[in-house]
Structures are given as structure tokens and as C-alpha cells.
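Structural overview
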Amino acid sequence: MHFARVLRHAGLPIGTDRVQLALQALQVAGIERRDDFHDVLLACLVDRLEHRPLFDQAFELFWRDPDIAGRMMALLLPQVQAQAGLLQQRENRRLSAALYPAAATAPPPAAPPEQAEFDMAFSFSEREHLRKADFDTMTADEWLRAKQMLRQMKPLFARLPTRRLQRSNRPVRIDWRASLQAMARGGGELWTLRWQRRRLRPAPVVLLADISGSMSRYSRMLLHFAHALNRGDAPVHSFVFGTRLTHTTRLLRQRDPDLAVAQVVDAVNDWSGGTRITACLHEFNRLWARRVLSSRATVLLITDGLEHGDTGALAFEMERLHKSCRQLVWLNPLLRFDAFEPKAAGIRAMLPQVDRFVAAHNLASLEQLAQLLTEPDTARWN
């Protein structure tokens, strides 16, 4: 029962019926072998494949600790101070809060009124500092808080008109069929006209993220941003590239953002390696452009543009990519420098084919990017 409570606090949908089913199954299977015990609980408590990694971590941590009785008391008595530092796994922090709720929910010590005012001001300034802090210079604690702020971001997408029509309450365009049907029902007299308008659908988004050595820190945070975009109602396709192109859309559909990004890192063999922008864009244009791109799609290209070799082919691939989508937005962390100038040959070759050239090095820039995605039309960047 306590193990089921831990899983429930960690976010798994486990009701009392599953606990009763597990108790009945254990009476038949027994608890002599650890692997049988694990499989019985897995079959009775988990019904979705994406919840299995979290269940396996909780099972190893819960049944490995010799102080199970003390941990059960911590679940029942919130005032008991549990040792949250015992949790060494960093894959899922919700599991840490579920195993040691006393440490997570313990109230802070009382402070004098003067100190309380100072703490509130400090927390506000700290939040502002975190929004403007560079991803590459963040500490581990700031990194965790930045990801938490990123999860709270609500993705919104531009609504574009389609060729299909739908009914409308406002006088936009006369719906003659509906008007004639209303006339027939009213005995041949036309009392009110029926109206219709074009149906609006969110613009799809395609993410191309550079994961080379100079971009890995930014790409990891932008993958969290891509995971947040998946919570919206628009289709989102994501790719990462270094020396080769990797499709990561299915991996980022995992509900837990930490597990989703960890799966992407494990699936990619060239993380923090070299970069071949021209070859990867050529592969995308040849194999994936017709599958995921349309005249309504927005492409988010995340790279510093530092390409070696011939830039003529790079300019051709960028032009081909730009003609296949509605708008091409280039996210470049080098724009964090005030004295940035497009002097590199790769940047000069890519820049003429870009609609927007924006920074992507802190939370404030990602908030501006989320606001940019809500705009139905975009002017070309000069």
C-alpha cells in the first residue's frame, strides 16, 4: 500500500482497485523471488509502457533501502525529517519528492519580518536573474529551476485559415445551403441568413537542433522547450543533427520531460561531437521535407552556423528549406553577444534565407520565441 502511494504521488494513475488486484495476485504468485514480485506488481499496477521506467526506478529505490519501516513512517508522518539526499538517481525528481515527502514539504523556519521582506525581494530578483541567465553559465540548481519555469510555459500557436469552411455567428460569408434549409423549414420565408467562415488550424512546427560540442548545452534546454511545445494542439516534429540527422519526435512524446530528453541523448550517437550542417540539411530536404513540411509549417533551426568547407551547397540547402515552409526562424546563441557580426562564411550563406534571426540563450529569449509563434504572419528579417 505504501509503495502504491509512492507511485501515485510520483504521477502514476493507481487506484485502490489496482492495489487490491496486486494483493490477490501476490497470494497466488508468492513473494519468494524478487523478479516474480516485480513482475506481478508491474502487471497489476502499470498499464502504460511509458510508465515502466518510473516504476522500475521506484521499485529499485523503495525495496532496496533497508530502512523501509522508517520510510513508511515518513509517508504517514509529514513532520518526520527524511534524508532526501539518499536518492542518487537524477532521472526523475518527482520520485524523490514522493519517496521523501517530509523533506519536500517541510515548512521553512520562521524569520523576522525584516528578513521576510528581504527574502521576497530577493526571490523576485532571483527569478529575473534566472530569466536572463545564459544557459551555458547556469549552475546545476539554476538549471533545474530553469527547466521548471520552462514547463510552466503555455505554448500557443498561430491559427491559419484553411480551405474548409465552418459555420459562423458573425456576418462573414453567406452560407447559402444552410440559409435555404432554414427557409424550407420556415415555410419559404427567409427570416435570418446563415453565415460561414474559413476554418482555422494551428500552424505545425518543425524543430532542427544542432547538438555539436558548442551547442549541446543550449540544445538540451531547447529540447525541453520542444517537449513543452508538444503540450499544444499543433503537430510538432523534432530532429537533432551533429554529424548525422536523427528523428526524435517519438522520443519527445514521453510525458516526463527528463526521461524524454534522456532518451534522446541515449539514442543519438554524435552528441557533443562535430557538426556537418550542409550534409544534415541535405538529408532532411531529401528524406523528410515532403513528410513533415508544408506551406503552413514553421521551421525552428537551432545552430550557431559555424560550418566548414564549401558554403555554396549550404546556401542551396537553406534556400530549398526556406521554399518548403511558411517561415524559417533561426535561433542562434551567438546573438547573446552585443558585438556580434555575421562574419563567418556559414552564417553569411544561411542568413539571406532566414525570415527571423533571434537569440536562444536564456529563458527570456525562449519566451519571446513562444510569443513569435503566435503571430499569424511574419515580416522578412533584414
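So, here's what we can say about the structure. (Residues numbered from 1 in each chain as written. Predicted model: local features only at pLDDT ≥ 70, side-chain atom pairs only at ≥ 80, totals over all residues. Heavy atoms only, no water.)

A word on the overall build of the protein
- Helix and strand content of the protein: 16 helices and 9 strands.
- Considering only contacts within the protein whose residues lie at least 6 apart along the sequence, 76% involve residues at least 24 apart.
- Carbon and sulfur atoms provide 53% of the accessible area of the protein, an area that totals close to 21,400 Å². (Helix = DSSP H or I, 4+ residues; strand = E, 2+ residues; numbered from the N terminus. Contact = heavy atoms within 4.5 Å. Areas by Shrake-Rupley, 256 points an atom, 1.4 Å probe, with all protein chains shown as cover.)

A word on the side chain of Asn332
- Topologically, Asn332 is positioned in the loop between strand E8 (327-331) and helix H15 (345-350).
- Classification of Asn332 as buried rests on a relative accessible area of 0%.
- Setting aside residues no more than four positions away along its own chain, Asn332 makes contact with Thr303, Asp304, Ile347, Phe357, Val358, Ala359 and Ala360. (Buried < 20%, exposed > 50% of the residue type's maximum accessible area, 1.4 Å probe, protein only.)

Overview of the sheet that holds strand E5 (residues 236-241)
- In space, the 6 strands of this open sheet follow the order E6-E5-E4-E7-E8-E9, with mixed pairing throughout. Edge positions in the sheet fall to strand E6 (245-247) and strand E9 (356-358), since each has one partner strand and no second. Neighbour to neighbour, the strand axes of the sheet diverge by 20° on average, direction disregarded.
- Relative to E6, E5 runs antiparallel, the two being bridged by 3 bridges. Across the sheet, Phe241 pairs through a bridge with Leu245, a residue of E6. (Pairing = 2+ DSSP bridges. Axes fitted to C-alpha atoms, helices over the stretch in contact; angles between N-to-C directions.)

Focus on the packing of aromatic side chains
- Tallied over the full model, the rule gives 9 aromatic pairs.
- Centroid distance Phe3 to Phe62: 5.4 Å. Interplanar angle 55°. Geometry classified as tilted. A residue pair is termed long-range when its members are at least 10 positions apart, and Phe3 in helix H1 (residues 2-9) and Phe62 in helix H4 (residues 52-64) qualify at 59 residues. Phe62 carries the same exposure label as Phe3, and that label is buried.
- Between Phe340 and Phe357, the ring centres sit 6.2 Å apart and the planes meet at 55°, which makes this aromatic pair tilted. With a gap of 17 residues between them, Phe340 in the loop between E8 and H15 and Phe357 in strand E9 connect regions that are remote in the sequence.
- Through successive ring pairs, a cluster of aromatic residues spans Phe3, Phe37, Phe55, Phe59 and Phe62.
- If you follow Arg291 out to its NZ or CZ, it ends over the ring of Trp288, 4.7 Å from the centre. (Phe/Tyr/Trp six-rings, centres within 6.5 Å; stacked < 30°, edge-to-face > 60°. Lys NZ or Arg CZ within 6 Å of the ring centre and 35° of its normal.)

Examining the nonpolar core
- In this structure, Leu208, Phe284 and Leu293 are the most contacted members of the largest nonpolar core, which totals 29 residues.
- Counting residues in hydrophobic clusters, the runner-up holds 26 residues, among them Met221, Ala226, Trp271 and Leu300. (Core = buried A, V, L, I, M, F, W, Y, C linked by side-chain atoms within 4.5 Å.)

Notes on the pairing of strand E4 (residues 205-210)
- Most of E4 sits out of view: 6 of its 6 residues are buried.
- The two faces of E4 match: Val205, Leu207 and Ala209 on one face and Val206, Leu208 and Asp210 on the other face are all buried.
- In the sheet, E4 pairs with E5 via 6 bridges, with the strands oriented parallel. Note on E5: the bridge partner recorded for Leu208 is Phe239.
- As paired strands, E4 and strand E7 (residues 298-302) are joined by 5 bridges and run parallel to one another. Each bridged residue has a counterpart across the sheet, and for Leu207 the counterpart in E7 is Leu300.

With respect to the pattern of salt bridges
- Evaluation of the coordinates by the stated rule reveals 7 salt bridges.
- A salt bridge links Arg18 to Asp47, with the shortest nitrogen-to-oxygen separation between them at 2.9 Å. One end of the pair, Arg18, is in helix H2 (residues 16-29); the other, Asp47, is in the loop between helix H3 (34-45) and H4, with 29 residues separating them in the sequence.
- Here Asp47 falls in the exposed class, since its relative accessible area comes to 52%.
- With its nearest N and O atoms 3.8 Å apart, the salt bridge here joins Asp56 to Arg52. Here the residue Asp56 and the residue Arg52 both occupy positions in helix H4, the gap between them amounting to 4 residues, near one helical turn. (Salt bridge = Lys/Arg side-chain N within 4 Å of Asp/Glu carboxyl O.)

A closer look at the environment of Arg163
- The topology assignment puts Arg163 in strand E1 (residues 159-168).
- In sequence terms Arg163 and Arg199 are 36 residues apart; their C-alpha atoms lie 7.3 Å from each other.

What about helix H10 (residues 176-185)?
- When H10 is considered as a whole, its buried residues turn out to be Ala178, Ser179 and Ala182. Each buried residue of H10 lies within a common arc of 100° when the element is viewed along its axis, so the set occupies one face. Facing away from the buried surface of H10 by more than 90 degrees, the exposed residues are Trp176, Arg177, Leu180 and Ala184.
- Buried positions along H10 lie against strand E2 (173-174).
- The positive-phi residue at the C-terminal boundary of H10 is Gly187, with phi of around 80°. (Arc of directions from axis to C-beta.)

Some words on H3
- For H3, built from 12 residues, the straight-helix expectation of 16 Å at 1.5 Å per residue is met to within 8% by its first-to-last C-alpha distance of 16 Å.
- Within the sequence span of H3, burial applies to Phe37, His38, Val40, Leu41, Leu42, Cys44 and Leu45.
- Summarising the contacts, the buried residues of H3 are in contact with H1, H2 and H4. (Expected span 1.5 Å × (residues − 1).)

Describing the environment of Tyr218
- Tracing the backbone through its elements, the reader meets Tyr218 in helix H11 (residues 216-229).
- The exposure class assigned to Tyr218 is buried, which follows from its relative accessible area of 3%.

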